[in-house]
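# What the coordinates show
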Amino acid sequence: MLSRNELILVTGVIGNPPLDTLIEASVAGGYQGLSVWPVDVEQWRADGVTDVQARARFEAAGLVVAQQECLMRWPKMGAAQTSREETEVFDVATALGAEIVSILSPGDDRYSESELTEAMAGVCARGAERGLEIALEVAPWKGTIDIPKAVRIIEGTGHPNAKLVIDNWHMFRGHVPDAHLAAIPARRVSAIQLSDAPAAPAPEIFPETMGARLLPGEGDCDIQGFLSALSANAGDVPISVEVLSDEIRSRGPVEAAVRTAEATRRTLAAHAALMEA
């Protein structure tokens with residue numbers, strides 16, 4: 001398990017390059033972990049590399065896969081039913097040695113809170129058989145799941161492996177108060193993701209979240225307040241860097257990895273100094 005002083009690279013930050021380039025860029029940026037997207041797996045399989053071989057190459061470079069993304073169709077299945085998507089993602093996570101599988105919150109209100117709780121309970125039960133944490137990524141700007149509702153859902157599953165992914169960009173755009181973050185029960189956060197954003201949202205928020213985020217410290221997010229609010233209940237959870245930016249990706253995988261890591265480390269150093277003051 002990685003600690004707070006070790007960074008995780010979300011592979012989309014550097015444009016999901018081929019395996020060799022992904023490893024090269026991650027090492028150049030001084031990352032210790034990876035959050036892997038399905039497109040990465042598809043790419044190395046197409047290049048004739050098995051998941052087990054990919055894991056061996058990561059480990060040889062001093063990298064671990066911390067998180068496997070992501071389940072999107074889970075609310076449709078209910079508690080008892082599995083899906084092809086779930087089986088495939090769980091198989092990859094197991095092969096790569098990932099401890100966390102993320103699930104995305106729905107973008108609308110078609111499912112009731114009880115339906116979401118029941119469905120997540122089923123995912124958690126099946127994930128527990130594989131030793132996996134199931135982490136709900138909360139994005140209040142796109143649907144009806146805010147932090148209080150997310151907490152009710154994960155606690156309502158009755159499973160200790162029901163967790164949360166907390167992304168400061170989503171919290172900022174969703175106008176989530178720090179008090180809601182501070183109220184998350186201890187040990188219920190699996191992943192913390194960092195980036196930055198300007199005060200005013202773009203006209204289209206989905207393209208912004210996927211391609212116009214800013215480096216930590218270059219926008220208007222109160223990252224120090226965000227980290228301080230989570231400090232009491234997120235333990236030693238490492239930081240995942242998720243600066244999804246077309247401009248940064250255009251500089252190439254290695255420079256993108258180095259720039260995002262350096263900016264994140266500066267931000268975390270500032271927070272550590274603030275906490276010690």
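Check the secondary structure of the protein chain and you find 12 helices and 8 strands. If one aligns the C-alpha atoms of the protein chain with their principal axes, the spans along those axes are about 45 × 45 × 40 Å. Expressed as a percentage of the 277 residues in the protein chain, the buried residues total 52%. Restricting to contacts in the protein chain with at least 6 residues of sequence separation, those with at least 24 account for 83%. Positive and negative side-chain charges of the protein chain, numbering 23 and 39 respectively, have mean locations separated by a distance of 3 Å.

With that out of the way, let us pick up the side chain of Glu69. You can see Glu69 is positioned in strand 3 (residues 64–71). The buried charged residue Glu69 lacks any salt bridge partner; its closest oppositely charged side chain belongs to Arg213, at an N-O distance of 8.9 Å. A polar contact is formed between the side chain of Glu69 and the side chain of Ser35, at a distance of 2.7 Å. Apart from residues lying up to four places away in sequence, Glu69 is in contact with Val10, Ser35, Val36, Trp37, Pro38, Ser102 and Gln193.

Moving on to the environment of Ala202. Tracing the chain through its elements places Ala202 in the loop between strand 7 (189–194) and helix 9 (205–211). Judged by its relative accessible area of 29%, Ala202 is partly exposed. A C-alpha to C-alpha distance of 25 Å links Ala202 and Ala261, two positions 59 residues apart in sequence.

Here the focus is the nonpolar core. Formed by 77 residues in total, the largest nonpolar core has its most connected members in Phe58, Met120, Ile166 and Leu181. Sequence-distant contacts of Met120, that is, excluding residues within four places in its chain, are made with Trp74, Ile103, Ile134, Leu136, Ile153, Ile154, Thr157, Ala162 and Lys163.

Time to look at the pattern of salt bridges. For the structure shown, the criterion picks out 17 salt bridges. A salt bridge links Arg249 to Asp246, with the shortest nitrogen-to-oxygen separation between them at 2.8 Å. Taken together, the positions of Arg249 and Asp246, both in helix 11 (residues 246–249) and 3 residues apart, correspond to about one turn of that helix. Accessibility expressed as a relative area gives 21% for Arg249, which makes it partly exposed. Arg251 is paired through a salt bridge with Glu247; the nearest N and O atoms lie 2.8 Å apart. Given a relative accessible area of 38%, Arg251 falls into the partly exposed group.

This part covers the sheet that holds strand 5 (residues 133–137). Read once around its circumference, the closed barrel built from 8 strands follows the order 1-2-3-4-5-6-7-8, with strand pairing classed as parallel. Direction aside, the axes of adjacent strands within the sheet are offset by 30 degrees on average. Sheet topology places strand 2 (residues 33–36) next to strand 3; 4 bridges connect them, and they run parallel. Among the inter-strand pairings, Val36 is bridged to a residue of strand 3, identified as Gln68.

Here the bond from Glu69 into Cys70 is cis, since omega is -25 degrees, no more than 30 degrees from zero. Position of Cys70 relative to the elements: it lies in strand 3. In this model, His175 sits at a positive phi of 55 degrees, which is unusual for a non-glycine residue. Here His175 shows up in the loop between helix 7 (168–173) and helix 8 (178–182). Even without being glycine, Arg187 reaches a positive phi, approximately 70 degrees.

Here a ring pair, both rings aromatic, is described through the centre-centre distance and the interplanar angle of the planes. The tally for this structure, following the rule as stated, stands at 2 aromatic pairs. Centre to centre, the rings of Trp44 and Phe58 are 5.8 Å apart; their planes meet at 70 degrees, and the pair counts as edge-to-face. In this pair, Trp44 sits in helix 2 (residues 38–46) while Phe58 sits in helix 3 (residues 51–60), placing the two residues 14 residues apart along the sequence. Centroid distance Trp141 to Trp169: 6.2 Å. Interplanar angle 80 degrees. Geometry classified as edge-to-face. Of this pair, Trp141 sits in the loop between strand 5 and helix 6 (147–156) while Trp169 sits in helix 7, and the two are 28 residues apart along the sequence. Overall, the relative accessible area of 0% leaves Trp169 in the buried class.

Reading guide: rules and limits
- Residues numbered from 1 in each chain as written.
- Predicted model: local features only at pLDDT ≥ 70, side-chain atom pairs only at ≥ 80, totals over all residues.
- Heavy atoms only, no water.
- Helix = DSSP H or I, 4+ residues; strand = E, 2+ residues; numbered from the N terminus.
- Buried < 20%, exposed > 50% of the residue type's maximum accessible area, 1.4 Å probe, protein only.
- Contact = heavy atoms within 4.5 Å.
- Lys, Arg positive; Asp, Glu negative; His and termini not counted.
- Charge placed at Lys NZ, Arg CZ, Asp CG, Glu CD.
- Salt bridge = Lys/Arg side-chain N within 4 Å of Asp/Glu carboxyl O.
- Polar contact = N/O pair within 3.5 Å; in protein donor to acceptor, adjacent residues only side chain to side chain.
- Core = buried A, V, L, I, M, F, W, Y, C linked by side-chain atoms within 4.5 Å.
- Pairing = 2+ DSSP bridges.
- Axes fitted to C-alpha atoms, helices over the stretch in contact; angles between N-to-C directions.
- Phe/Tyr/Trp six-rings, centres within 6.5 Å; stacked < 30°, edge-to-face > 60°.

Spatial relationships are all this shows, so hold off on functional conclusions.
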